Amino acid sequence: MTSRIHPSVAGLPEQPTSPRHPAIPRATTAEEARRDAAWDALVEGVADGDLVQTTSWASIRQRLGTPVCHLRVHTRDGTLLGGCLMQHRRVLPGIRIGAVSRGPLLFAHHPGAAEQVVREMIATARHLGIQLLVVQPPEGDAGLLGALERAGFRPGGPQIAPTATIRIDLRPTEEELLGRLEQKRRHRIRHGLRDGLRTEESDDVEAFHRLHVETATRQSFQPLGLDYLKAQWEVLAPLGMCRIAITSQAGVPLAAEWLTSFAGKRTCRLTGAVPAAPVPGARNASSALIWAVIQQARRDGEQMLDFGGFDRAAAEEIVAGRPPPPSFIDSPSQFKKSFGGQVALLPGPHFILPDRIARAALTGAAQRLMLHPALQRFAQRMRSG
């Protein structure tokens, strides 16, 4: 897709406006994403900006054959109101899905800007032939969420980004951070150091992938492919935005984390580890690894470590001040919580059928379609990547 699209070309008539949200004279462009350092800097500069809304991230998807449309909405005087990066692909015969993760983003505080950007996003999806558009908006923008709902978006759909996470504020001293860990976790870290565990940064993508696949097999989830990891590494590592940390004993890799860095935040994207038994030292390797990741992130000047996902049901209970369900015990989320971070609930997915006629007739059917394995696989790739 290389064309420039104005709403009239995309088939969206001018929408009626209210005195509260008057129409903003605008010019819209929607074209196949290209690397754009200025856009990426804008994303990094807003409070709710996320790496997945940068053109660097888009180029990873494009390398593997997923088209990514870059939508930008300006006022006539050139002020950028907002926009987003929209991935899209055919997941079933006759069904093309579009996905906007942690977007759209707003860069100006004009009255009605959120409504304008959301309408342009729907128009662009319709122009691209997208039958189902799933949006998981950024954190902390209630105005944007309201604009989505007024435009016809409904809650639901495949989760294309985590709906809960846990974060560690890295600004306290190392001693303070260590004191916030659960006693069991501090114990494992000390034993790991005693056992000679060593954590180093690595560029060995294949070694990480082997550990990642081993974990996926053990925990019954679909691992990401080596080609995808190589593409992400080749794009982000030269920018200092992707790292691999591997914990080894006597040169044998036992645990690894795939990390990204953006806007002062280091995020744990993927993990891998050998079984806790029978390998000596493996029982403590994951604890030693995360503590080393925390230490390195602080040395690099990062302000936050984000674990990249947390069980939503457990998060809701914890935020409400209630104990999490029994299934939380010994879960990956419980492991993350033992490092003393703050649990956060994040916006869930919303969906719309961009075609208005289909929207009126088929929204109920679309809700059932959300459960199709093909859509779930697409969502899993977006969340993990």
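Scroll up a little and you will see the structure.
Starting afresh in each chain, residues are numbered from 1 along the sequence in its written order. Where totals are concerned, whole chains, interfaces and linings use all residues; where local detail is concerned, this predicted model gives features only for residues with pLDDT of at least 70, and gives and counts side-chain atom pairs only at 80 or more. Where side-chain values are given, they derive from all heavy atoms of the structure, hydrogens and water being excluded.

**A short note on the pattern of salt bridges**
A side-chain nitrogen of Lys or Arg and a carboxyl oxygen of Asp or Glu constitute a salt bridge if their distance falls within 4 Å. Applying the stated criterion across every chain, the model contains 19 salt bridges. Between Glu-139 and Arg-167 there is a salt bridge, and its shortest N-O distance comes to 2.8 Å. One end of the pair, Glu-139, is in the loop between strand 6 (132–136) and helix 5 (142–150); the other, Arg-167, is in strand 8 (residues 164–169), with 28 residues separating them in the sequence. On the basis of relative accessible area, Glu-139 is assigned to the partly exposed category, the value being 33%. With relative accessibility at 18%, the residue Arg-167 sits in the buried group. Note on conventions: DSSP H or I runs of at least 4 residues are helices, E runs of at least 2 residues are strands, and numbering of each starts at the N terminus. Residue exposure (1.4 Å probe, protein chains only): buried if accessible area is under 20% of the type maximum, exposed if over 50%, otherwise partly exposed.

**Some thoughts on unusual backbone geometry**
Residue Pro-104 is reached from Gly-103 by a cis peptide bond, and omega for that bond is 0°. Secondary-structure assignment places Pro-104 in the loop between strand 4 (95–101) and strand 5 (105–106). In this structure, Arg-102 takes a positive phi of about 60° despite not being glycine. Residue classification places Arg-102 among the buried positions, given a relative accessible area of 10%. We note that Ser-220 has phi near 60°; this positive angle belongs to a residue other than glycine. Relative to the helices and strands, Ser-220 resides in the loop between helix 8 (205–219) and helix 9 (226–236). According to the relative accessible area criterion, Ser-220 is exposed, its value standing at 67%.

**Some thoughts on the nonpolar core**
As used here, the term nonpolar core means buried Ala, Val, Leu, Ile, Met, Phe, Trp, Tyr and Cys residues forming a set that is joined through side-chain atoms within 4.5 Å. Counting 65 residues, the largest nonpolar core has Trp-258, Ile-294 and Phe-339 as its most contacted members. Per-element accounting of this core gives the leading share, nine residues, to helix 10 (residues 282–299). With 26 residues, the next largest nonpolar core counts Ala-113, Val-117, Leu-133 and Phe-153 among its residues.

**Examining helix 7 (residues 183–194)**
Over its twelve residues, helix 7 extends 17 Å from the first C-alpha to the last, a length consistent with the 16 Å expected when each residue adds 1.5 Å. Restricting attention to buried positions, one finds in helix 7 the residues Arg-185, Arg-188, Ile-189 and Gly-192. For helix 7, the angular spread of the buried residues around the axis is 100°, confining them to a single face. Among the exposed residues of helix 7, those oriented more than 90 degrees off its buried face are Gln-183, Arg-190 and Arg-194. Downstream of helix 7 by one or two residues, Gly-196 has phi in the positive range, about 85°. Expected helix span is computed as 1.5 Å times (number of residues minus one). In this description, one arc is meant: the one made by directions from the helix axis to the C-beta atoms.

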